[in-house]
Amino acid sequence: MDTFTAIDKEFDKKHIWHPYTSMLNPLPSYGVTHTSENKIYLDTGDVLIDGMASWWSAIHGYNHPKLVASIHKQASTMSHVMFGGITHAPAIELCKKLISITPKTLDRVFLADSGSVSVEVAIKMALQYWISKGHKGKNKLMTAQKGYHGDTFAAMSVCDPVNSMHSMYQGFLPEHIFVAAPKAKFDEQPSQQELDSLEQAFLEHHQHVAAFIIEPIVQNAGGMNFYSPSYLAKVRQLCNKYDVLLILDEIATGFGRTGKMFACEHAGIAPDIMCIGKALTGGTMTLSATLTNEKVAVGLSEGEAGVLMHGPTFMGNPLACAVANASIDLLLENNWQAHINRVNLAMAELKRCESLTSVVNVRILGAIGVVEVDKAVDVAKIQRFFISKGVWIRPFGKLIYIMPPYISSTEDIHKLADAIYHAIDKQQY
Ligand SMILES: *Cc1c(COP(=O)(O)O)cnc(C)c1O
């Protein structure tokens, strides 16, 4: 047995911020010593089956030998070099791959360092495009409620206004135009009324709107809403009709998670600008990309500024690009669709929760499973229960959801579903 450095949780609790927590009364943090495949090992000796893929990212599971090897190889050659005035093979190879797997029209790539930053870049691209075209009045964004696009300020300004506390930041946050969240479910057709009110918003505001931004098919952190591909197709059509750019945020949905390589394929459409991140490096390092088409790339470059005003220090980081290349290769050579289908079938076990009176509904798409319950979950309480059952699941609000690594066995997915069933049945939430 390996020995691991002891984890000083007292220090952690007093001095270190964790995502979305108070410094006064933080939720407990569990000490993790190591990971392997779809398992997380705690310092208490507990071994947990991972249901979260570390927030959509670890699609191949942890410590995959091919990903580890690519990191070792690249680290011994060149971990980092500035991208200003310099280029290198890992970045070029990655951009070639991204152009080949994303919708055909997307052929210009900006490499950024996190999902939120890729959204910032996408917004800048859209604004600068219209400035270049001489339409300075097109300086607002339009989006749907229940969205989530990241925690930096411009990204936050297009997140759901309630979930991301827009009122608290009033006066500081730019104010954009919100339409209702998509109502028709994944397997439904939107009502004429839903489509009409969407068009009404375009009709009313298009002269001031640079771009419509939305997560395709799955609105994730804003409520795990799986919506109709016809709604998304309508958004594309309205963007064309009213001269508005379309930004799709595929940061969570990309790389197979919804059953298509990119979720926009469900609607058979392409955006003008696309953001990707999370699973891009197979959950090993932070890296994101903003892709766009010739119209936007050339349009914004022809204008007064001439250049896109963005350039992070770690842009195109070779180490992150190398492991992203290895992750995409792994996905393509491993028949990813068969894996997603298998995970999807195994998740049908979640349907058993429908028999529980406190369950509002169960929804499954690709390798995502959601159980919505009738009240906000007590996260600390339910996690204690989950740990006792040997699973790692972190709910939010009324949503208990899983998006496990694609390599998860059917048996392990059944264990995740079982733990969720018993947590609800035994009122452990
Ligand atoms: C996670 C996420 C982001 C933000 O990405 P970070 O890497 O956390 O900055 C943006 N949009 C969507 C849809 C996401 O799921």
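Here, residues in each chain are numbered from 1, in the same order as that chain's written sequence. For a predicted model such as this one, the threshold for reporting local features is a pLDDT of at least 70, and the threshold for listing and counting side-chain atom pairs is 80 or more; totals across whole chains, interfaces and linings nevertheless cover every residue. Note that the side-chain values use all heavy atoms of the structure and ignore hydrogens as well as water.

In the nomenclature of an unreviewed UniProt entry, the protein corresponds to Adenosylmethionine-8-amino-7-oxononanoate aminotransferase from the organism Pseudoalteromonas caenipelagi. The Catalytic activity (unreviewed entry) field of the UniProt record for the protein holds the comment "(8S)-8-amino-7-oxononanoate + S-adenosyl-L-methionine = S-adenosyl-4-methylsulfanyl-2-oxobutanoate + (7R,8S)-7,8-diammoniononanoate". UniProt positions are given in the numbering used here, feature names are shortened, and annotations may be inferred rather than shown by experiment. Looking at the Cofactor (unreviewed entry) heading of the UniProt record, one finds this comment for the protein: "pyridoxal 5'-phosphate".

Asks: How should I be thinking about the overall build of the protein in this particular structure?
Replies: A tally of helices and strands in the protein yields 13 helices and 16 strands. Based on C-alpha atoms, the radius of gyration is set beside the globule rule, defined as 2.2 Å times the residue count to the power 0.38. Since a compact globule built from 429 residues should have a radius of gyration of about 22 Å, the 22 Å found for the protein is in line with a globular shape. For the protein, the spread of C-alpha atoms along the three principal axes comes to 65 × 55 × 45 Å. Relative to its full complement of 429 residues, the protein shows a buried share of 52%. Within the protein, contacts between residues separated by at least 24 positions form 72% of all contacts whose residues are at least 6 apart in sequence. Here, Shrake-Rupley sampling with a 1.4 Å probe gives the accessible areas, and only protein chains in the shown set may cover a residue. Element-wise, carbon and sulfur atoms account for 55% of the exposed surface of the protein, whose accessible area totals about 19,100 Å². Residues counted as positive are Lys and Arg, residues counted as negative are Asp and Glu, and His and the chain ends are not counted. Note on charges: their place is set at NZ of Lys, CZ of Arg, CG of Asp or CD of Glu. Charge separation in the protein, taken as the distance between the mean sites of 37 positive and 41 negative side-chain charges, equals 1 Å. Per the convention used, a helix needs a DSSP run of H or I reaching at least four residues, while a strand needs a run of E reaching at least two, with both numbered from the N terminus. Residue exposure (1.4 Å probe, protein chains only): buried if accessible area is under 20% of the type maximum, exposed if over 50%, otherwise partly exposed. Any pair of residues with heavy atoms lying within 4.5 Å of one another is described as a contacting pair.

Asks: Just to check I follow, could you spell out the UniProt feature "binding site: substrate" (unreviewed entry) in the protein for this structure?
Replies: Taking the numbering used here, the UniProt-annotated feature "binding site: substrate" (unreviewed entry) corresponds to Trp55, Tyr148, Lys278, Gly311 and Arg394. In summary, the annotated positions, distributed over 340 residues, remain apart in three dimensions as well, the widest C-alpha pair reaching 34.2 Å. In this structure, glycine 311 sits in the loop between helix H9 (294-302) and helix H10 (318-333). Exposure remark for glycine 311: the relative accessible area of 56% places this residue in the exposed category. Here arginine 394 lies in the loop between strand E15 (391-392) and strand E16 (399-402). Ignoring anything within four residues of it in the chain, the contact list for arginine 394 reads Leu27, Met52, Val379, Gln383 and Tyr401. Side-chain polar atoms of arginine 394 contact the side chain of glutamine 383, separated by 3.5 Å. In protein, a polar contact requires one atom able to donate a hydrogen and another able to accept it; more generally it is a pair of N or O atoms within 3.5 Å, and residues adjacent in sequence count only if both atoms are side-chain atoms.

Asks: Got a minute to help me understand the site of the ligand in this structure?
Replies: Each residue is tested against the molecule or strand, and it is near if at least one of its non-hydrogen atoms lies within 4 Å. What surrounds the ligand is the set Ser114, Gly115, Ser116, Tyr148, His149, Gly150, Glu215, Asn220, Asp249, Ile251, Ala252 and Lys278. Here glycine 115 contributes a backbone N or O atom positioned 2.9 Å from an oxygen atom of the ligand. Serine 116 is positioned with one of its side-chain polar atoms (N or O) 2.6 Å from an oxygen atom of the ligand. Expressed as a share of its isolated accessible area of 380 Å², the protein-covered part of the ligand is 83%.

Asks: Help me out: how do you make sense of unusual backbone geometry in this one?
Replies: For residues that are not glycine, phi is negative in most cases, and the peptide bond is trans in most cases. Phi at tryptophan 55 is positive, roughly 55 degrees, even though this residue is not glycine. Along the chain, tryptophan 55 falls in helix H2 (residues 53-56). The backbone of glutamine 427 shows a phi angle near 55 degrees, a positive value even though the residue is not glycine.

Asks: What's the story with the packing of helix H5 (residues 115-132) against H9 in this structure? I'm lost.
Replies: In helix packing, the relevant descriptors are the interaxial angle and the interaxial distance, both defined with respect to the helix axes. Between H5 and H9, the shortest axis-to-axis distance is 8 Å and the interhelical angle comes to 60 degrees. Here H5 is positioned oblique relative to H9, judged by the angle of their axes. The crossing of H5 and H9 is left-handed. Along its contact with H5, which presents Met125, Gln128, Tyr129 and Ser132, the element H9 presents Lys295, Val296, Gly299 and Leu300. Where helices are involved, their axes are fitted lines through C-alpha atoms of the stretch in contact, as for all axes, and angles between N-to-C directions lie from 0 to 180°. Orientation is classified from the angle alone, with under 35 degrees giving roughly parallel, over 145 giving roughly antiparallel, 65 to 115 giving roughly perpendicular, and any other angle giving oblique. It is the rotation of the near helix from the far one that decides the hand of a crossing: anticlockwise by less than a right angle makes it left-handed, clockwise makes it right-handed.

Asks: Explain H9 to me, please; I cannot follow it from the model alone.
Replies: Think of an α-helix as turning once every 3.6 residues; residues three or four places apart then point the same way. Turning to H9, its buried residues number three or more, namely Val296, Ala297, Gly299 and Leu300. Elements in contact with the buried residues of H9: strand E4 (106-112), H5, strand E10 (245-249), strand E11 (273-276) and strand E12 (288-293).

Asks: Please explain the pairing of E12 as it appears in this structure.
Replies: A regular strand carries its side chains on alternate faces of the sheet. For E12, the tally of buried residues reaches 6 of 6 residues, placing the bulk of the element in the interior. Going residue by residue along E12, you find Ser288, Thr290 and Thr292 tucked away on one face and Ala289, Leu291 and Asn293 tucked away on the opposite face as well. Strand pairing is defined by DSSP finding a minimum of two bridges between the two strands. Bridge count between E4 and E12: 6 bridges; the pairing is antiparallel. Directly across from phenylalanine 110, in E12, lies its bridge partner threonine 290. Taken together, the 4 bridges between E11 and E12 define a ladder with antiparallel strand orientation.

Asks: What's the story with the sheet that holds strand E14 (residues 368-373) in this structure? I'm lost.
Replies: To summarise the sheet geometry, strands pair through backbone hydrogen bonds and adopt either a parallel or an antiparallel arrangement. Ordered in space as E13-E14-E16, the 3 strands form an open sheet in which the pairing is antiparallel. Each edge of the open sheet is held by one strand with a lone partner, namely strand E13 (359-365) and E16. Taken over all neighbouring pairs, the strand axes of this sheet differ in orientation by 10 degrees on average, direction set aside. Sheet topology places E14 next to E16; 4 bridges connect them, and they run antiparallel. Each residue of the ladder has a partner; that of valine 370, found in E16, is tyrosine 401. In the packing of helix H13 (residues 410-425) onto the sheet, the strands contacted are E13, E14 and E16, and the crossing angle to E16 comes to about 170 degrees.

Asks: Can you help me understand the environment of methionine 52 in this one?
Replies: By secondary structure assignment, the location of methionine 52 is in the loop between strand E3 (47-50) and H2. Spatially, the C-alpha atom of methionine 52 lies 20 Å from that of leucine 330, the residues being 278 residues apart in sequence. Look past the residues within four positions of methionine 52 in its chain and what remains in contact with it is Trp392, Ile393, Arg394, Tyr401 and Met403.

Asks: Looking at this structure, how should I read the domain arrangement of the protein?
Replies: One frequent convention defines the size of an interface as the accessible area lost when the parts assemble. One can read the domain layout of the protein as domain 1 (9-63 + 335-426) and domain 2 (68-333). Domain borders in the structure are assigned automatically or taken from a domain database. The straight-line distance from the C-alpha centre of domain 1 to that of domain 2 is 26 Å. We define buried area as the total accessible area lost by two parts upon association, computed with a 1.4 Å probe and summed across both. The contact between domain 1 and domain 2 buries some 2,300 Å² in all, and 67% of this surface belongs to carbon and sulfur atoms. In terms of surface lost to domain 2, no three residues of domain 1 exceed Trp56, Trp336 and Leu365, which account for 33% of the buried area on that side. Whenever a carboxyl oxygen of Asp or Glu lies within 4 Å of a side-chain nitrogen of Lys or Arg, that contact is scored as a salt bridge. Across the contact surface, domain 1 and domain 2 share 0 salt bridges. Where domain 1 touches domain 2, the interface holds 11 residue pairs in polar contact (both at pLDDT 80 or more).

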